[in-house]
Amino acid sequence: MNILIMGPAGAGKGTMSDLILKEYDITHISTGDMLRENVRSHTELGEKARSYMEAGHLVPDEVINAMVEKRLQEPDCEKGYLLDGFPRTLVQAQTFDEISSRIGRPVQAVLALQVDYEILKERITGRRICPKCGAIYHIPNHPPVREGICDVCGSALVQRKDDTIEQLNVRMEEYESSTKPVIQYYADRGLVTVIDASGERDTTFAQIRKALGKVA
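Keep in mind the model is a prediction, meaning the values are calculated, not measured.

Draft legend 1. Local environment of the UniProt feature "binding site: ATP" (unreviewed entry) in the chain. The UniProt record marks Gly10, Ala11, Gly12, Lys13, Gly14, Thr15, Arg127, Ile136, Tyr137 and Gly199 with the feature "binding site: ATP" (unreviewed entry), using the residue numbering of this structure. Among the structural elements, Thr15 can be located in helix 1 (residues 13-23). Mapped onto the elements, Tyr137 comes out in strand 6 (residues 136-138). A relative accessible area of 6% means that Tyr137 is categorised as buried. In this view, Tyr137 contacts Gly126, Arg127, Arg128, His142, Pro143, Pro144, Cys150, Asp151, Val152 and Leu157; residues no more than four positions away in its chain are not counted.

Below, the structure is given as structure tokens:
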């Protein structure tokens, strides 16, 4: 089962991805993690990416596309994949279709998580991170026992610079201009299931399970 999961910042892609992986025997691929691993391992593609990154430029599509193609041909993707963070643009989606079809691993389902803006704003601005151990909290929904202090290691919690209304608005503009056309591209081919991710975790995942039941 080959799946794409898409949605704006704060929609719960990470949480839903974890639940999908627990239930289905497929491989999770984050393009961000994949890029960092290639750079860290000094692969040929990683070195190409590093040259752009060190120059302050975005890594071009052809390098990311080549990384994705190579990754999808690894043995752990034989039973399927859950791809998060790619494709981000219509051009990437069209190229990815060619790649995935050529290697016999085409997209079979696209999960488009949708959340009202006010809920996204609450989720994003309420998030706090432990800089030491990486534990994540949310002030209204999952607060630490002691205000501002990590339950796990006792460090002071911080708010990431991306977790502000200003940054959310920037990311929403990018989502509207770049990602929504990608979702429409796959919707035109009958591959998209829109998931209402505004509610509780289990309610959201029940919709995903139903959608994937039609594919598995």
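Draft legend 2. Region of interest: helix 1. The set of residues buried in helix 1 consists of Lys13, Met16, Ser17, Leu19 and Ile20. On an axial view of helix 1, the arc spanned by its buried residues comes to 165 degrees, and they lie on one face. Buried residues along helix 1 sit against strand 1 (2-6), strand 2 (27-30), strand 3 (81-84), strand 4 (109-114) and helix 8 (201-213).

Draft legend 3. Summary view of the sheet that holds strand 4. Ordered by their spatial adjacency, 5 strands build an open sheet running 2-3-1-4-7, and the pairing between neighbours is parallel. Each edge of the sheet is formed by a strand with only one pairing partner; in this case those strands are strand 2 and strand 7 (192-196). Direction aside, neighbouring strands of the sheet carry axes that sit 20 degrees apart on average.

Draft legend 4. Here's a closer look at the nonpolar core. If you look at the biggest cluster of nonpolar residues, it comprises 29 residues, and the most contacted ones within it are Tyr81, Phe96, Val107 and Tyr186. Listed by contribution, the elements that provide at least two residues to this core are strand 1, helix 2 (31-40), helix 3 (44-54), helix 4 (61-72), strand 3, helix 5 (90-102), strand 4 and helix 7 (165-187).

Draft legend 5. Expanded view of the pattern of salt bridges. Considering all chains together, one arrives at 14 salt bridges under this definition. Across the pair Arg36 and Asp33 runs a salt bridge, and its minimum N-O distance is 2.6 Å. Here Arg36 pairs with Asp33, and both are found in helix 2, just 3 residues apart, close to one helical turn. Its relative accessible area of 48% is what places Arg36 among the partly exposed residues. Residue Asp33 is classed as partly exposed on the basis of its relative accessible area of 43%.

Draft legend 6. Main features of the packing of aromatic side chains. In this structure the tally under the stated criterion is 3 aromatic pairs. With 5.6 Å between their ring centres and 85 degrees between their planes, Phe86 and Phe96 make a pair best called edge-to-face. In this pair, Phe86 sits in the loop between strand 3 and helix 5 while Phe96 sits in helix 5, placing the two residues 10 residues apart along the sequence. Exposure remark for Phe86: the relative accessible area of 3% places this residue in the buried category. Judged by its relative accessible area of 0%, Phe96 is buried. Seen from their ring centres, Tyr185 and Tyr186 are 5.1 Å apart, and the 75 degrees between their planes marks the pair as edge-to-face. Accessibility classification places Tyr185 together with Tyr186 in one group, the buried group. Put simply, the rings of Tyr81, Phe86 and Phe96 touch in pairs and so form one group of aromatic residues.

Draft legend 7. Region of interest: the packing of helix 6 (residues 117-125) against helix 7. Following both chains from N to C, one finds helix 6 and helix 7 inclined at 130 degrees, their axes separated by 10 Å at the closest point. Relative to helix 7, the element helix 6 lies oblique. Here the hand of the crossing between helix 6 and helix 7 comes out right-handed. Facing Tyr117, Leu120, Lys121, Ile124 and Thr125 of helix 6, the residues of helix 7 in contact are Ile165, Leu168, Asn169 and Met172.

Here is what the cut-offs are and how they apply
- Residues numbered from 1 in each chain as written.
- Predicted model: local features only at pLDDT ≥ 70, side-chain atom pairs only at ≥ 80, totals over all residues.
- Heavy atoms only, no water.
- UniProt positions renumbered as here; feature names shortened; annotations may be inferred.
- Helix = DSSP H or I, 4+ residues; strand = E, 2+ residues; numbered from the N terminus.
- Buried < 20%, exposed > 50% of the residue type's maximum accessible area, 1.4 Å probe, protein only.
- Contact = heavy atoms within 4.5 Å.
- Arc of directions from axis to C-beta.
- Pairing = 2+ DSSP bridges.
- Axes fitted to C-alpha atoms, helices over the stretch in contact; angles between N-to-C directions.
- Core = buried A, V, L, I, M, F, W, Y, C linked by side-chain atoms within 4.5 Å.
- Salt bridge = Lys/Arg side-chain N within 4 Å of Asp/Glu carboxyl O.
- Phe/Tyr/Trp six-rings, centres within 6.5 Å; stacked < 30°, edge-to-face > 60°.
- Parallel < 35°, antiparallel > 145°, perpendicular 65-115°, else oblique.
- Left-handed = near helix turned anticlockwise from the far one by under 90°.

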